[in-house]
Structure formats: structure tokens, C-alpha cells
Amino acid sequence: MKQRTGNLLTDRPELYEARFPDPERLAGRWAEECLRRHGAGPAVLDLGCGTGRDAACLHRAGRRVTAADLSATMLAHARVHHPGPVHVQADLSRFDFGRGVFDAVVCLDSSLLYCHTNEQLDGFLTSCRRALGPGGLLVAEMRNGAYFLGRAEPPAAPGTALFTWEGTTYRSTTTLHLDRAAQLLRRTRRWTSDDGSPPVEERSAWRLLLPQELRHFLTVHGFDVLALHDGPGPRTEPVWRPGAEPGTAADGDRLHLVARKRTAPTSAHPPVGEQP
């Protein structure tokens, strides 16, 4: 069996869209409603844009969108199949598009959680703050660390999925494992297909952030949290619908974040002389 790190679907964007269809463009429309609700300006950076569907949705809503991803293959697909935004290659843990050039940064589908270390998360938030103008928004959607770390283990039985694309049937078997010391949700996924290709086993991971931990990182980096909740959102059940009010709990398996850049950062430490 061929083994590798990463994601087979990253190398096959058309396969990604077949495996994870979003015909209603819920993720992009949810992000657009968040931007509109909080009065964001038109210049938007979509980080971890993937195949470009959400960036194109924001573009059609009238936004001036820059779509960034580390995968050149994904970006090439996006330019052809989801035109409109400017597509650029960038590492979300350290990027620099200039100072104050965006009104909002959008980071969907747990892309933020590929920052596995505190240093990478610091780099992401430092880069976001530099990129945003005064009062700029950060909108993100991701897995919820409180949901996963609060359980004994993810489901013991591997999850399976079966779908057919262009005459070939693909089957994935996915096993999740909690690495509590590193706060990572590790994923092993085995792919098989009926076209004679050898099986592929891939390994990847997401950082699991607790809601209060995420608030702390944002505060230290000069952001005010406007919303942090478990739904409704584009990946929740029941799914988000236009006009739905943001929730107040943070118990479910997804987190939805809206934060605003402060004019000047404030210290996370108490004033000298203040006692606990």
C-alpha cells in the first residue's frame, strides 16, 4: 500500500468537489452573511480557499476577493472552474500581502487548524492582523476542540464513504485518533477504487482549540471576539439557513468565529498591582 501524508483530494480538486459537493454554496453564503451582519468592507482574503468555490461565491456577492492556498493544484483548478477572485499561493501560518489591505479575512472548513503549534497559530494571527485594516474582521469555521477533547475517544469504528465519479467508484475508510499531548485530532484515511489503482493510505491532523483558548489567542493578538458558537453553520446539523441567528453555546463539533481587529492591541496580563 502506498503511504503518504496529506490528502488525496488536495491533488485531485475535481474529486474533492465530487466527494464534498456544496451545490447551495452554504459555506460561502454563511461567510457573506457574517461579513454583511458585521459591516465588513468589500476587500476580502479567503485563506485556505481550496477549490475556490467559496471565494467565487463571495466574489459574486460583490466582494473584491483574493483567494490563497498552499496547493498550486487547487489554485490551478480554482482559476479555471471558479474564476473572479485573484488566486495566489500562500502559507496561512506566515503570509504577507501588505499592511491594512483587506477589510476581512475568511478561513473556512477547519483550514485554521492546520496551524498545529502555538508558533504557527501566532504566525497566522500576526499575519491576519497585519493584512487587516482598522476594524477588519476575521471570520472562521472549524472543528471544536471542546467537543473532541471532552470525549473518551472518537468513534471506535472507522467511518466509510462510497461515491462514484466519472465511472470510477471510490471508497474511503477513515480512522480518527486523539493526540491529547499535542492537542491534535489525527486522521488516517485509506482510499481504494475499482479502476485498478493501488490503495493509498494518508495521514493528516487538525489542531484542537478550546473556545476559551482561542479567545485568549485572539485577545493577545489584538482582536475582539464578536461571536464564538457551535452553530448553526454550513457544516452543522441542522444546517445554517439565511437569516438564522448565531448561537450562544459551544458544545457541538464545529466552532464559528467572528472577531474584529482592535485599533491597538491590549495586553492579556493584568495591570501591575492587581491581585487575583
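Refer to the structure printed above.
Throughout what follows, the structure given in this document is the object of discussion. (Residues numbered from 1 in each chain as written. Predicted model: local features only at pLDDT ≥ 70, side-chain atom pairs only at ≥ 80, totals over all residues. Heavy atoms only, no water.)

1. Considering empty space enclosed by the protein
(1) Moving on: Scanning the model with the defined rule gives one cavity of 30 Å³ or more in all.
(2) Moving on: What the largest cavity holds in volume is close to 110 Å³.
(3) Moving on: What lines the largest cavity is a set of 13 residues, among which Trp-30, Cys-34, Arg-37, His-229 and Pro-246 lie closest to the centre.
(4) Moving on: Counting only elements with at least two residues in the lining of the largest cavity, the list comes to α3 (26–37) and β11 (223–229).
(5) Moving on: Per-element accounting of the lining of the largest cavity gives the leading share, four residues, to α3.
(6) Moving on: For the lining of the largest cavity, the per-class residue count stands at eight nonpolar, two polar and three charged. (1 Å grid on protein atoms, 1.4 Å probe; cavity = no way out; pocket = protein on both sides within 12 Å on 5 of 7 lines; lining within 4 Å. Points joined across faces, edges and corners; volume = space filled by probe spheres on them. Helix = DSSP H or I, 4+ residues; strand = E, 2+ residues; numbered from the N terminus. Nonpolar A, V, L, I, M, F, W, Y, C, P; charged D, E, K, R; others polar.)

2. A short note on the sheet that holds strand β4 (residues 86–89)
(1) Moving on: Reading across from one edge, β4-β3-β2-β5-β6-β12-β11 is the order of the seven strands in this open sheet, with mixed pairing throughout. Whereas interior strands pair on both sides, the edge strands pair on one side only; in this sheet they are β4 and β11. Across the sheet, the mean angle from the axis of one strand to that of its neighbour is 20°, orientation sign disregarded.
(2) Moving on: Pairing analysis gives four bridges linking strand β3 (residues 64–69) to β4, with the strands arranged parallel. Following the sheet pairing, Thr-66 is matched in β4 by Val-86. (Pairing = 2+ DSSP bridges. Axes fitted to C-alpha atoms, helices over the stretch in contact; angles between N-to-C directions.)

3. Details of the state of the cysteines
(1) Moving on: For the structure on display, the rule yields zero disulfides.
(2) Moving on: Residue Cys-49 stays outside any disulfide, its sulfur separated by 11 Å from that of Cys-107, the closest cysteine.
(3) Moving on: Using a relative accessible area of 6% as the deciding quantity, one classes Cys-49 as buried.
(4) Moving on: With no disulfide of its own, Cys-115 lies 7.5 Å from the sulfur of Cys-107, the closest cysteine sulfur. (Disulfide = S-S within 2.5 Å. Buried < 20%, exposed > 50% of the residue type's maximum accessible area, 1.4 Å probe, protein only.)

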